[in-house]
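Structural characterization, general
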Amino acid sequence: MATGLSVGIVGLPNVGKSTLFNALTSNQAAASNYPFCTIDPNVGIVDVYDARLDKLSEMSNSKKIIYASMQFVDIAGLVAGASKGEGLGNKFLANIRETDAIVHVVRCFESSDIVHVAGKVDPVHDIEIINLELRLADLQMLENVLSRLEKQAKSKKDLVPTLECLQRAQAHLNENKPMRTLELTEEEKGYLQPYPFLSAKKVLYVANVSEDDLPEMDNAFVRQVKAYAEAEGNTVITICAKLEEEIAQLPLSERKGFLESLGLEQSGLERLIKASFRMLGLLTYITTGEIETRAWTIKEGTNAAEAAGKIHSDIQKGFIRAEVVSFEDMMTYKGRTGAREQGKVRAEGRDYLVKDGDVILFMHH
């Protein structure tokens, strides 16, 4: 897939999920930048705006800027029973399987106009309904896998460690615990690699509040969600989906002023993107020149040769060295030439670990 990061948005009906999805994706990135992806109605690709690129492109007189991007997938309304194929159950689970992480929208506001599915607002209960469906889907997958492996392991002894690991997973899920809380050694993670557990995916909870809760965005419901997420080791951000919808209607130039008038520094979309990048351990490095200034998304701990492979496999194969300047030094010394005169251009080998904001020129043969 051409884009860097894919996040599935889940939530019960009437929690503000579609409002949020529509607001997030109203600034759709131009699909022409991503030749390999067909845009489904429930998929939105959003540019991760980064002011550093604007500054570098000005310096390089770039013809175009390509920001990093994020793909949001609006996962069809999940209802209790999805794992048994209720509603759009199977499609829903297949959609989640393909995403890197889950953004779980939880309703944290009262409203007489918007009915809650369960008749009352109870965010923790809502979270548990969805978490249960994900665990049930995992258990179902395990049953199919285990019945097959148990037969094979009788003759193939090398399958025994995998089998034991999967049985441990099954016991863990049966205790109503998601896979992401199962402690695994590196070796065990390897055994489980081929099996896409839904409850192993990282979750970012989005507490959706009403406009009455601005700018603090805090209430008793939000505090319940935070306590729940903390116990799981997950993150919560608060968003007012209604407000995001209003921001999305405004021209870019007016958004900052509108947010400031409400006492807010960043839009929910910006906070959501930042939190998603952090949660998945992602960073961006930058290439800049006359043709384009571009952000490339990689995982923390990616070395220079692998980072080069993001651009093209030939550059990774023929890697000689990476010429690295930090974004700050590019600004201070007005470009690569100035930075080189001040000794701020570093020649790094294959194993150099790329940092966020590195501006890189790859030498290859």
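Preceding this paragraph is the structure being described.
The present account deals with the structure reproduced in this document.

Each value, and the rule that gives it
Residues numbered from 1 in each chain as written. Predicted model: local features only at pLDDT ≥ 70, side-chain atom pairs only at ≥ 80, totals over all residues. Heavy atoms only, no water. Helix = DSSP H or I, 4+ residues; strand = E, 2+ residues; numbered from the N terminus. Buried < 20%, exposed > 50% of the residue type's maximum accessible area, 1.4 Å probe, protein only. Contact = heavy atoms within 4.5 Å. Areas by Shrake-Rupley, 256 points an atom, 1.4 Å probe, with all protein chains shown as cover. Axes fitted to C-alpha atoms, helices over the stretch in contact; angles between N-to-C directions. Parallel < 35°, antiparallel > 145°, perpendicular 65-115°, else oblique. Nonpolar A, V, L, I, M, F, W, Y, C, P; charged D, E, K, R; others polar. Phe/Tyr/Trp six-rings, centres within 6.5 Å; stacked < 30°, edge-to-face > 60°. Lys NZ or Arg CZ within 6 Å of the ring centre and 35° of its normal. Pairing = 2+ DSSP bridges. Core = buried A, V, L, I, M, F, W, Y, C linked by side-chain atoms within 4.5 Å. Salt bridge = Lys/Arg side-chain N within 4 Å of Asp/Glu carboxyl O. Arc of directions from axis to C-beta.

**Side note on the overall build of the protein chain**
When helices and strands are counted, the protein chain shows 14 helices and twelve strands. Counting across all 365 residues of the protein chain, residues that qualify as buried make up 51%. Counting contacts in the protein chain only where the partners sit at least 6 residues apart, residues at least 24 apart contribute 68% of the total. By element, 51% of the accessible surface of the protein chain is carried by carbon and sulfur atoms, the whole surface being about 18,200 Å².

**Describing the packing of helix α4 (residues 123-155) against helix α7 (residues 220-232)**
When two helices pack together, their arrangement is given by the angle between the helix axes and by the axis-to-axis distance. Interhelical geometry of α4 versus α7 gives an angle of 40 degrees and a closest axis separation of 8 Å. Relative to α7, the element α4 lies oblique. Only Phe221, Gln224, Val225, Tyr228 and Glu232 of α7 make contact with α4, whose side of the interface consists of Pro123, Val124, Ile127, Glu128 and Asn131. Grouping the amino acids of the contact of α4 with α7 by side-chain chemistry returns six nonpolar, two polar and two charged.

**Considering the packing of aromatic side chains**
Between two aromatic rings, the relevant description is the distance of the centres plus the angle of the planes. Taken as a whole and assessed by the stated rule, the structure comprises five aromatic pairs. Of the aromatic side chains, those joined through ring pairs into one cluster are Tyr285, Trp296, Phe319 and Phe362. Sitting over the ring of Phe109, Arg107 keeps its end group 4.6 Å from the ring centre. Between Arg294 and the ring centre of Trp296, over which it is positioned, the NZ or CZ distance is 4.3 Å.

**A closer look at the sheet that holds strand β6 (residues 203-208)**
A sheet is described by the order of its strands in space; here six strands give the open sequence β2-β4-β1-β5-β6-β7, paired in mixed fashion. Both edges of this open sheet fall to β2 (43-48) and β7 (235-239), since each of them pairs with a single strand only. In this sheet, adjacent strand axes meet at a mean angle of 25 degrees when their direction is disregarded. Of the pairings in the sheet, the one linking strand β1 (residues 5-10) to strand β4 (residues 68-74) comprises five bridges and is parallel in character. Counted as the bridge partner of Ser6 is Gln71 from β4. Across the sheet, α7 is in contact with β5 (101-107), β6 and β7; its angle to β6 comes to roughly 175 degrees.

**Points about the nonpolar core**
Met70, Phe72, Tyr205, Val206, Leu272 and Ile273 are the most contacted members of the largest nonpolar core, which totals 73 residues. Of all the elements, helix α10 (residues 268-279) adds the most residues to this core, at six residues. If we ignore the near neighbours within four places in the chain, the residues touching Phe72 are Val7, Ile9, Phe21, Leu24, Thr25, Asn42, Val43, Gly44, Val46, Leu269, Leu272 and Ile273. In terms of nonpolar packing, the next biggest core, distinct from the first, is built from 18 residues, Leu139, Met141, Leu146 and Ala169 among them.

**Some words on the pattern of salt bridges**
Within this structure, the stated rule accounts for 15 salt bridges. One salt bridge connects Lys177 with Glu175, and the closest N-O pair in it is separated by 2.8 Å. In this structure, Glu292 engages Arg294 in a salt bridge whose closest nitrogen and oxygen atoms are separated by 3.5 Å. Residues participating in the shared-partner salt-bridge network are Asp50, Arg52 and Asp356.

**Thoughts on helix α8 (residues 241-249)**
Listed in full, the buried residues belonging to α8 are Ala241, Leu243, Glu244, Ile247 and Ala248. Take α8 and look down its axis: the buried residues cluster within an arc of 150 degrees, on one side only.

**Quick word on the side chain of Ser6**
Mapped onto the fold, Ser6 is located in strand β1. With a relative accessible area of 4%, Ser6 lands in the buried category. Among all residues touching Ser6, those that are not within four sequence positions of it are Gln71, Val73, Glu98, Thr99, Asp100 and Ala101.

**Remarks on unusual backbone geometry**
Residues Leu214 and Pro215 are joined by a peptide bond in cis, for which omega reads -10 degrees. Mapped onto the elements, Pro215 comes out in the loop between β6 and α7. Phi is positive for Asn61, close to 50 degrees, though the residue is something other than glycine. Of note, Lys334 is a non-glycine position whose phi angle comes to about 55 degrees, a positive value. Structurally, Lys334 is set in the loop between α13 (327-332) and α14 (336-341). A relative accessible area of 68% means that Lys334 is categorised as exposed.

**Things to note about the packing of α8 against helix α9 (residues 252-261)**
The interhelical angle for the contact between α8 and α9, taken along N-to-C directions, is 145 degrees, at an axis separation of 9 Å. Residues Leu243, Glu246, Ile247 and Ala248 of α8 lie in contact with α9, whose contacting residues are Arg255, Phe258 and Leu259. Considered class by class, the residues forming the contact of α8 with α9 number five nonpolar, no polar and two charged.

**Some points on the pairing of strand β8 (residues 282-288)**
Along β8, six of the seven residues are buried, which leaves the element largely enclosed by surrounding structure. Pairing of β8 with strand β9 (residues 292-299) involves seven bridges; the strand directions are antiparallel. Bridging from a neighbouring strand, Tyr285 pairs with Trp296 of β9. Between β8 and β9, which pair antiparallel and follow one another directly, the connecting turn spans three residues.

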